[in-house]
Structure formats: structure tokens, C-alpha cells
Amino acid sequence: MSDALKYGMSGEAVTDLQRRLNCSGPSRLPALDADGNFGVTTLGRVMEFQYLRHLQADGVCGPLTFGPLKPACDAPLQPAGRCILVDLINGVLYAFEDGNQFMKSAPIHGGAPEDPSAMGVFPMSSRRLRHHTSSKFPTPPDNMEFAMFYNGAQAIHRGNPGKPSHGCIHVGYPDIEKLFDWAGSNDILVIVAKQ
């Protein structure tokens, strides 16, 4: 493969990538439709694959990523585990369990350009706070309700989904409470996808 494949591309090379990803487990995300369109779910699957193989999880499929992919197969591996896919390209958050969609929340918002949400794959921290006030931005109090931390001080929390955060992910109510109650396990991967 000479050219890297990335978000927004389409064609037979993307179809081949999708088929290979479906056979190169493990994965917590749904099996891909081999439709030849490199969309957000394909981006998330590439990032997850890179993360699990200790590669840079940038979502770009070049030779280092493509090399360890298994050949396409007739029986895709079944997804297992929980995963949150934060789609900052389209402003949507998905939660999956064993490859099945548990919830979809839109709109959501990530960090402002001067304080962006990190892109990558992160294990969910065991630090979860139903009521929390940011130490960096303490006004108003309790401004990070239902905070689920995933990358140091970055968290998915209740916030105005129409306004940027300070590096976190804003999810509106009542979706954030539903997600908080579901995400009680610390075996969740958070995949933040953006351009």
C-alpha cells in the first residue's frame, strides 16, 4: 500500500481496509460495513487498532498500521466490551457494548481551539464524580456534573452542548446522566475522533 488511507477517502482500498479491520480483533466497536467510505466508525476502528498495537492512534492507515492487519475473512470477529466513541467531527457521542449501540447523543461539543480536547484512545479512569467543580474554572460551582475522567483532567461531563469546553466533552442532560450510570466500569475505552 503506497498511499495512506484516512478519514473522508473512499474506494476499493478503503473497502479492503474495512474487511481487514473486521478480521483483526479484538474490538469494542461494531463490525464495519465494507462500503468503501472512510467515515467516523472506520476512523475509530483504525485508532483502536493502532492503540492496541502501541502505534500512534491518529486514525491514518499507513504502512505501519496496514502491515499487521490480518487478511479479510468470511467470519468477522465479534466485538466485546464497552466503548465510547466521541465524534467531534459531527458533534455526536456513541456508547457501544459488545458492538451494539447503547446510546447516541447529539449535539455534543469538545474543547475550544485554544483549549482543545485531545484526540486519541484513552482508558476510562476510575475517577467519576456526580458533582464536581473545576479547580481551574470554579465559577459556577458544580460546573462539571457527571464527570467521567479519561485523559488526566479531561472529562466527559454535563455542559452546554452548543458551547465549547475547556478541553473536555460537553454532553447535555439527560443523556449525560444515562451515560454516567452506564459507564460504571473502568474497562471502557474512550475514542476521541476529530480532524
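A few points on the structure. (Residues numbered from 1 in each chain as written. Predicted model: local features only at pLDDT ≥ 70, side-chain atom pairs only at ≥ 80, totals over all residues. Heavy atoms only, no water.)

**Describing the overall build of the chain**
Secondary structure summary: the chain contains four helices and ten strands in total. Helices (α) and strands (β) of the chain occur, in sequence order from the N terminus, as α-α-α-β-β-β-β-β-β-β-β-β-α-β. Taken over the C-alpha trace, the chain has a radius of gyration of 17 Å; the compact-globule value for 195 residues is 16 Å, and the two agree within 12%. With respect to the principal axes defined by its C-alpha atoms, the chain has extents near 50 × 30 × 25 Å. Every one of the 195 residues in the chain was classed for burial, and the buried ones make up 47%. (Helix = DSSP H or I, 4+ residues; strand = E, 2+ residues; numbered from the N terminus. Rg over C-alpha atoms; globule rule 2.2 N^0.38 Å. Buried < 20%, exposed > 50% of the residue type's maximum accessible area, 1.4 Å probe, protein only.)

**Remarks on the pattern of salt bridges**
Should the charged atoms of two oppositely charged side chains come close, the side chains can pair. A complete count under the given rule lists six salt bridges for this structure. The partner of Arg-82 in a salt bridge is Glu-97, with the nearest N and O atoms 3.5 Å apart. Taken together, the residues Arg-82 in strand β1 (residues 82-87) and Glu-97 in strand β2 (residues 92-97) connect sequence positions 15 residues apart. Across the salt bridge formed by Arg-130 and Glu-177, the nearest N and O atoms sit 3.5 Å from each other. Taken as a pair, Arg-130 in the loop between β6 (128-129) and β7 (147-151) and Glu-177 in helix α4 (residues 175-182) lie far apart in primary sequence, 47 residues in all. (Salt bridge = Lys/Arg side-chain N within 4 Å of Asp/Glu carboxyl O.)

**With respect to the pairing of strand β3 (residues 100-105)**
Relative to β3, β2 is paired through five bridges, and the arrangement is antiparallel. The residue of β3 that forms the bridge with Tyr-94 is Lys-104. Between β2 and β3, which pair antiparallel in sequence order, lie two residues; one of them, Asp-98, sits at a positive phi of approximately 50°. (Pairing = 2+ DSSP bridges.)

**Some remarks on the sheet that holds β3**
Strand pairing within a sheet occurs via backbone hydrogen bonds; the two strands may be parallel or antiparallel. If you walk across this open sheet you meet the five strands as β3-β2-β1-β10-β5, and the pairing is mixed. Since the sheet does not close on itself, it has two edges, and those belong to β3 and β5 (120-123), each with one partner. When the angles between neighbouring strand axes are averaged without regard to direction, this sheet yields 20°. In this fold helix α2 (residues 40-52) packs onto β1, β5 and β10 (189-193), with an angle of close to 125° to the strand it touches most, β10. Sheet strands touched by α4: β1, β2 and β3. Its angle to β3, the strand with the most contacts, is close to 145°. (Axes fitted to C-alpha atoms, helices over the stretch in contact; angles between N-to-C directions. Contact = heavy atoms within 4.5 Å.)

Everything listed here is a matter of geometry and, on its own, says nothing about what the molecule does.
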